[in-house]
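Okay, here's what each chain looks like letter by letter:
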Amino acid sequence: MILVAIIACEIGFWLAIIAGLVARYVFRRARLGAALLLAAPVIDLILLMLVGVDLLSGGTASWHHGLAALYIGISVAYGHRMVAWADAKFAEWFRGAGPRPARYGWDYARSCWKDVPRTLLAAAIAAAVLGGLILLVGTPERTSELLRFFPILGVIVAVDTLWALSYTVWPKRAPAVAA
């Protein structure tokens with residue numbers, strides 16, 4: 001059930017963002033667009049409540065519950081950036097505005113390093129959610145699966161750090177412009 005809830009929340013998250021941006025750019029209704037964009041964090045709260053209710057009603061934690069914690073952490077840490085990215089894309093499509101971000105050179109390396117603290121924040125939020133669920137349920141037999149997610153959070157932070165480091169040590173060069 002929790003896996004279905006995660007999928008539904010992910011779909012709901014992007015539908016709220018798309019609806020908000022369509023209201024903003026297509027229908028020129030900025031307030032409605034902002035209200036719809038505010039639905040995205042509400043979806044995270046709904047998922048958190050569903051996970052809590054599932055475990056408190058006697059459910060045994062599975063990797064789905066850990067995935068829900070990770071989803072919430074990423075959504076909170078990267079949510080604003082994802083909305084800004086989607087907003088920039090809509091602005092580009094509907095207004096022809098905004099330069100495309102470079103995916104090479106030192107600017108991109110700096111951008112990658114800016115993601116490392118966000119990823120660390122996402123992992124910390126996910127760890128807090130996992131720890132909170134473990135404490136809330138209070139039955140190690142039912143929450144032992146959640147403990148397996150902590151090393152995964154470390155791997156995620158390590159991979160993101162290595163990604164940023166790789167672009168710092170070996171920056172991609174800008175493509176050659178044909179004459």
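Rules used throughout
Residues numbered from 1 in each chain as written. Predicted model: local features only at pLDDT ≥ 70, side-chain atom pairs only at ≥ 80, totals over all residues. Heavy atoms only, no water. Patch = residues over 30% accessible without salt bridge, like charges linked within 9 Å, V, L, I, M, F, W, Y side chains within 5 Å. Areas by Shrake-Rupley, 256 points an atom, 1.4 Å probe, with all protein chains shown as cover. Salt bridge = Lys/Arg side-chain N within 4 Å of Asp/Glu carboxyl O. Helix = DSSP H or I, 4+ residues; strand = E, 2+ residues; numbered from the N terminus. Buried < 20%, exposed > 50% of the residue type's maximum accessible area, 1.4 Å probe, protein only. Lys, Arg positive; Asp, Glu negative; His and termini not counted. Contact = heavy atoms within 4.5 Å. Core = buried A, V, L, I, M, F, W, Y, C linked by side-chain atoms within 4.5 Å. Expected span 1.5 Å × (residues − 1). UniProt positions renumbered as here; feature names shortened; annotations may be inferred. Axes fitted to C-alpha atoms, helices over the stretch in contact; angles between N-to-C directions. Parallel < 35°, antiparallel > 145°, perpendicular 65-115°, else oblique. Nonpolar A, V, L, I, M, F, W, Y, C, P; charged D, E, K, R; others polar.

Undergrad: Hey, could you go over a nonpolar patch on the surface for me, with residue numbers and the actual values?
TA: Side chains of Met1, Val42, Ile46, Met49 and Leu50 sit close together on the surface and give an oily, nonpolar patch of about 490 Å² of accessible area. Position of Met1 among the secondary structure elements: in the segment before helix H1 (2-25).

Undergrad: If you had to explain the side chain of Asp54 to someone new, which residues and values would you point to?
TA: Within the secondary structure layout, Asp54 lies in helix H3 (residues 39-56). Arg142 is the oppositely charged side chain nearest to the buried, salt-bridge-free Asp54, at an N-O distance of 8.0 Å. Each residue touching Asp54, except ones within four places of it in the same chain, is listed here: Ile2, Gly59 and His65.

Undergrad: If you had to explain the environment of Leu67 to someone new, which residues and values would you point to?
TA: Along the chain, the position of Leu67 falls in helix H4 (residues 63-95). Here Leu67 falls in the partly exposed class, since its relative accessible area comes to 26%. In contact with Leu67, not counting residues within four places along its chain, are Leu3, Ile6 and Phe149.

Undergrad: Explain the nonpolar core to me, using residue names and the numbers behind them.
TA: In terms of nonpolar packing, the biggest core is built from 36 residues, with Ile17, Leu21, Leu47, Val51 and Leu55 touching the most fellow members. Of all the secondary-structure elements, those providing two or more residues to this core are H1, H3, H4, helix H5 (105-137) and helix H7 (149-169). In this structure, Ala109, Cys112, Val116 and Ala164 belong to the second largest nonpolar core, which totals six residues.

Undergrad: I'd like a rundown of H3, residues and numbers included.
TA: Look at H3: 26 Å from first C-alpha to last across 18 residues, which is about the 26 Å you get at 1.5 Å a residue. Turning to H3, its buried residues are Ala40, Ile43, Asp44, Leu47, Val51, Gly52, Asp54 and Leu55. Residues of H3 that are buried sit in contact with H1, helix H2 (30-37), H4, H5 and helix H6 (140-147). Downstream of H3 by one or two residues, Gly58 has phi in the positive range, about 105°.

Undergrad: Pulling in residues and values, what's your account of the pattern of salt bridges?
TA: For side chains of opposite charge, pairing can occur when their charged atoms come near one another. The full count for this structure, using the stated rule, is five salt bridges. The salt bridge partner of Arg24 is Asp87, with a shortest N-O separation of 3.2 Å. Remark: Asp87 occurs in helix H4 and Arg24 occurs in helix H1; sequence separation between them is 63 residues. Among the residues examined, Asp87 registers a relative accessible area of 19% and is labelled buried. For Asp115, the salt bridge is made with Arg118, and the minimal N-O distance between the two is 2.9 Å. Of this pair, Asp115 and Arg118 both sit in helix H5, three residues apart, roughly one helical turn. One network of salt bridges, in which partners are shared, links Arg81, Asp115 and Arg118.

Undergrad: Explain the UniProt feature "transmembrane region" (unreviewed entry) in the protein chain to me, and be specific about the residues and the numbers.
TA: Listed under "transmembrane region" (unreviewed entry) in the UniProt record, and renumbered for this structure, are residues 6-27, 34-56, 62-79, 120-137 and 149-170. Across residues 6-27, the secondary structure splits into 91% helix and 0% strand, with the terminal C-alpha atoms separated by 30 Å. Its end C-alpha atoms 34 Å apart, residues 34-56 is made of 96% helix and 0% strand.

Undergrad: Can you explain the packing of H1 against H2? Please cite residues and give values.
TA: Across the interface, H1 lies against H2 with an axial gap of 7 Å and an inter-helix angle of 175°. As judged from the angle between their axes, H1 and H2 are roughly antiparallel. On H2, the residues touching Ala16, Ile17, Ala19, Gly20, Leu21, Ala23 and Arg24 of H1 are Leu32, Gly33, Leu36 and Leu37. By residue class, the composition of the contact of H1 with H2 is eight nonpolar, two polar and one charged.

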